[in-house]
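Summary of structural features
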Protein chains: 2
Amino acid sequence: MIEESKATLVNVDLGDRSYPIIIGRNLIKRAGEEISARLPGSKTVIITDEAVAKFHLKTLEDSFKASGVEFNTLIVPSGEQTKRFEIFERLCDDILALRLERGDAVVALGGGVVGDLSGFVAGVVRRGMKFVQIPTTLLAQVDSSVGGKTGINSRHGKNLLGVFNQPALVLADTSVLDTLSPRDFRSGYAEVAKYGLINDPDFFYWLEQNWEGIFSGGPEREEAIAHSCRAKAAVVAADEFESGNRALLNLGHTFGHSLEGAVAYETERLVHGEGVSIGMVLAHEFSEQMGLCPPEDTKRVIEHLKTVGLPTRVDQIPGQLPPIGTFMDLIAQDKKVSRGQLTFVLTKGIGTSYVDKTVNAEPLRAFLEEKLGK
Amino acid sequence: MIEESKATLVNVDLGDRSYPIIIGRNLIKRAGEEISARLPGSKTVIITDEAVAKFHLKTLEDSFKASGVEFNTLIVPSGEQTKRFEIFERLCDDILALRLERGDAVVALGGGVVGDLSGFVAGVVRRGMKFVQIPTTLLAQVDSSVGGKTGINSRHGKNLLGVFNQPALVLADTSVLDTLSPRDFRSGYAEVAKYGLINDPDFFYWLEQNWEGIFSGGPEREEAIAHSCRAKAAVVAADEFESGNRALLNLGHTFGHSLEGAVAYETERLVHGEGVSIGMVLAHEFSEQMGLCPPEDTKRVIEHLKTVGLPTRVDQIPGQLPPIGTFMDLIAQDKKVSRGQLTFVLTKGIGTSYVDKTVNAEPLRAFLEEKLGK
């Protein structure tokens, strides 16, 4: 197992579905060792995408060989379009053809797309195989690899088909983040900042002071990732199947998803974390307009997101946006709708967000119209 | 709710996934009432097949209308071929197009095919909607509607893709069994007899005395169904995700599935319960040959299954069967394989079955060769 004790361990406490997240540098090199120790005797199938395969697949396969972990590898195209039914079906079929059993493991090596897709596949083949996540983006390390949400997109929207499927193990290798583009790194950082804004003002203030170390790969990076995983794990442990407060994790996301939908998920125009960044600002502004959030808090949030290079305004999205009606439709089709009433995460200030299920369409439309400059 | 108190209630005790099975005559007529009381405010989508729709859909829809339960209806073709990826995808898509939410319900009206398929769909749309089962065959009432196993077939085998998804409610209307063909009724009866053979000799002896009342629709029918549901519920409650003793429910099924596979699931030649009937006899004969089961118990099992009109020998299956190698492959690809060793349910006599994970391929092959008359 981890001998050098240079890694940080975060336990996600979900009763008999509990699992460890190990965070540290060069963990992919030790993946074979970890898996053979924690899932003795399990065969594996690695699922990764073309882009990640180029950088990290050989390291992982070498590690499996060295530890005697049996594996096959399935490579999918890179990009959000991969989270679709056709590829989901093909992966299920390929794994069955390999004759893997329930006790064998699907190992997801990649970002959120690979993790979400692989987790769904692992959740349904033989009604559930073991699942190991090796997230290779900051976004996946602090967000999608914690909490067990898996899924694919439908033509009706993102992540509308999937299962809750907790992994057996997550290995967050922080050194792979060195190969991320600055834009992708910032995108993940938006989710890190979110944990401060939800319910942990001190973490937000710490980020204001320490963000440079996080971006440059100092020890602050591992600390920030571990803190984020712990924060998410705590929310998930309290509400695994999203019947209540887990919705807090959607701070900025209802707005963010509608922006992603508005640009048809064209990542040249907007990546997820950028949508979340603008969405979090909108959530603070909307809350401020309703007399909930002090203006100085909104300002401080905008200031920090700007400082790290994240967009904070709708007009920073290149190209034309659709009319207000499209946004209202996208918001209504978001999973966070319950019995026709919109569920929004609003805030009383930095670190004091809450779930509001009584938001009416009219003031929301008026607010968005103003923001969209119509 | 149930006012006339003529129904029997069986509770499946699975912590926060517990649910009631209500068993009685004319329950479809009261389905709207039950659903509006137990899932207040939920919209519904009814999934049924062409054959069942003809007999029972209007009754169900009228009941929903009378109780103000909102519904849409999706009709799939009848037959095992419906449990495939393409139809699974189309149903998911259709439900999303209806804009149903997580709190809304998928209502499965039909036999095992409709139940398994609908349960899988309900388990993945928005990562899980509510699910109500209205099983219309004896097989579905005593077996597939209890325990939460859902799924579809793959070209690699039956039920290889799916999820564990417990329903919120099961309504087993025993009067619909009046429209079943005698062959389909017998097929379900094989599973009823199985519960006696697993661990309840007294129930088996009771069946020997009372089977005629069950077949003719006397009060013994409801009693037998309730007893079977309770028996299965107890096994499932002890091992929801099939990590151990739940495998007991597979008594006769490893042989049975291989026979179904051998005839390519052509139901003109063999239906599921017939495969289980022959499979249970084989399990007793194989156990007898290993010195585990007294010959008089094997004989008694054969006698009773014969009496009710079920097949008990491989040579009763019309047409030619494939060579022994095909059977061994089918058995090896059955989900009940773990780390290469075959998991079989063997028996020490009527009502004393147990899970044996040490069965070797060689004696099994010799036994089957003899039975196949090679």
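Residues numbered from 1 in each chain as written. Chains lettered and ligands numbered in written order. Predicted model: local features only at pLDDT ≥ 70, side-chain atom pairs only at ≥ 80, totals over all residues. Heavy atoms only, no water.

You'll find chain A entered in an unreviewed UniProt entry as 3-dehydroquinate synthase, with Pseudovibrio axinellae given as the organism. Note on chain A: under the UniProt heading Function (unreviewed entry), the record states "Catalyzes the conversion of 3-deoxy-D-arabino-heptulosonate 7-phosphate (DAHP) to dehydroquinate (DHQ)." According to the UniProt record, the Catalytic activity (unreviewed entry) comment for chain A is "7-phospho-2-dehydro-3-deoxy-D-arabino-heptonate = 3-dehydroquinate + phosphate". (UniProt positions renumbered as here; feature names shortened; annotations may be inferred.)

Relative to chain A, chain B is turned by 180° and slid 0.0 Å along the rotation axis, the superposed coordinates differing by an RMSD of 0.0 Å. In symmetry terms, the pair is related by a two-fold rotation axis. Every residue of chain B has its C-alpha some distance from the rotation axis, and the shortest such distance is that of Val163(B), at 4.2 Å. A share of 100% of interface residues in chain B that are also interface residues in chain A marks the association as one of identical surfaces. (Least-squares fit on C-alpha atoms with pLDDT ≥ 70 in both. Contact = heavy atoms within 4.5 Å.)

All names here are of chain A. Segmentation of chain A into domains returns domain 1 (8-178) and domain 2 (182-371). Between the C-alpha centres of domain 1 and domain 2 the distance comes to 26 Å. Around 2600 Å² of area is buried between domain 1 and domain 2 when both sides are counted, 63% of it from carbon and sulfur atoms. Of all residues in domain 1, Leu 138, Val 142 and Lys 158 give up the largest surface area on contact with domain 2, accounting jointly for 22% of the area buried on that side. Where domain 1 meets domain 2, there are four salt bridges. One can count ten residue pairs in polar contact (both at pLDDT 80 or more) joining domain 1 with domain 2. Those elements that place two or more of their residues in the side of domain 1 that touches domain 2 are β1 (8-12), β2 (19-24), α5 (138-144) and β8 (157-161). At six residues, the largest contribution of residues to the side of domain 1 that touches domain 2 is made by α5. In terms of residue class, the side of domain 1 that touches domain 2 is made up of twelve nonpolar, nine polar and seven charged. (Domains from an automatic or database assignment. Buried area = accessible area lost by both parts, 1.4 Å probe. Salt bridge = Lys/Arg side-chain N within 4 Å of Asp/Glu carboxyl O. Polar contact = N/O pair within 3.5 Å; in protein donor to acceptor, adjacent residues only side chain to side chain. Helix = DSSP H or I, 4+ residues; strand = E, 2+ residues; numbered from the N terminus. Nonpolar A, V, L, I, M, F, W, Y, C, P; charged D, E, K, R; others polar.)

With numbering aligned to this structure, UniProt lists the feature "domain: 3-dehydroquinate synthase N-terminal" (unreviewed entry) at residues 74-186 of chain A. Here residues 74-186 of chain A is 34% helix and 25% strand, with 29 Å between the C-alpha atoms at its ends.

One key point about sheets: their strands pair by backbone hydrogen bonds, in either a parallel or an antiparallel sense. Residues and elements named next belong to chain A. Spatially, seven strands are ordered β1-β2-β9-β6-β5-β3-β4 in an open sheet, and the strand pairing comes out mixed. The open sheet has two edge strands, β1 and β4 (71-76), and neither has a second partner. Recorded for the sheet is a direction-independent mean angle of 15° between the axes of neighbouring strands. Two strands pair when backbone bridges link them, and strand β5 (residues 105-110) and strand β6 (residues 130-135) are joined in this way by six bridges, in the parallel orientation. Considered in β6, the bridge of Val 107 is made with Val 132. The strands that helix α2 (residues 50-67) touches are β3 (44-49), β4, β5 and β6; relative to β3, the one it contacts most, it runs at about 160°. (Pairing = 2+ DSSP bridges. Axes fitted to C-alpha atoms, helices over the stretch in contact; angles between N-to-C directions.)

With 41 residues of chain B in contact, the opposing surface of chain A contributes 41 residues. At the junction of chain B with chain A, the criterion picks out two salt bridges. The residue Asp93(B) makes a salt bridge to Arg155(A) at a minimum N-O spacing of 2.8 Å. Where chain B meets chain A, there are ten residue pairs in polar contact (both at pLDDT 80 or more). Elements represented by at least two residues in the side of chain B that touches chain A include exactly α3 (85-97), α4 (112-124), β8 (157-161), α12 (324-333) and β10 (337-338) of chain B.

In this section: unusual backbone geometry. Residues other than glycine predominantly adopt negative phi, and peptide bonds predominantly adopt the trans conformation. The residue Arg126(A) is not glycine, and still its phi comes out positive at about 50°. As for its placement among the helices and strands, Arg126(A) is situated in the loop between α4 (112-124) and β6. Phi at Arg127(B) takes a positive value of approximately 60°, unusual for a residue other than glycine. With respect to the helices and strands, Arg127(B) occurs in the loop between α4 and β6 (130-135).

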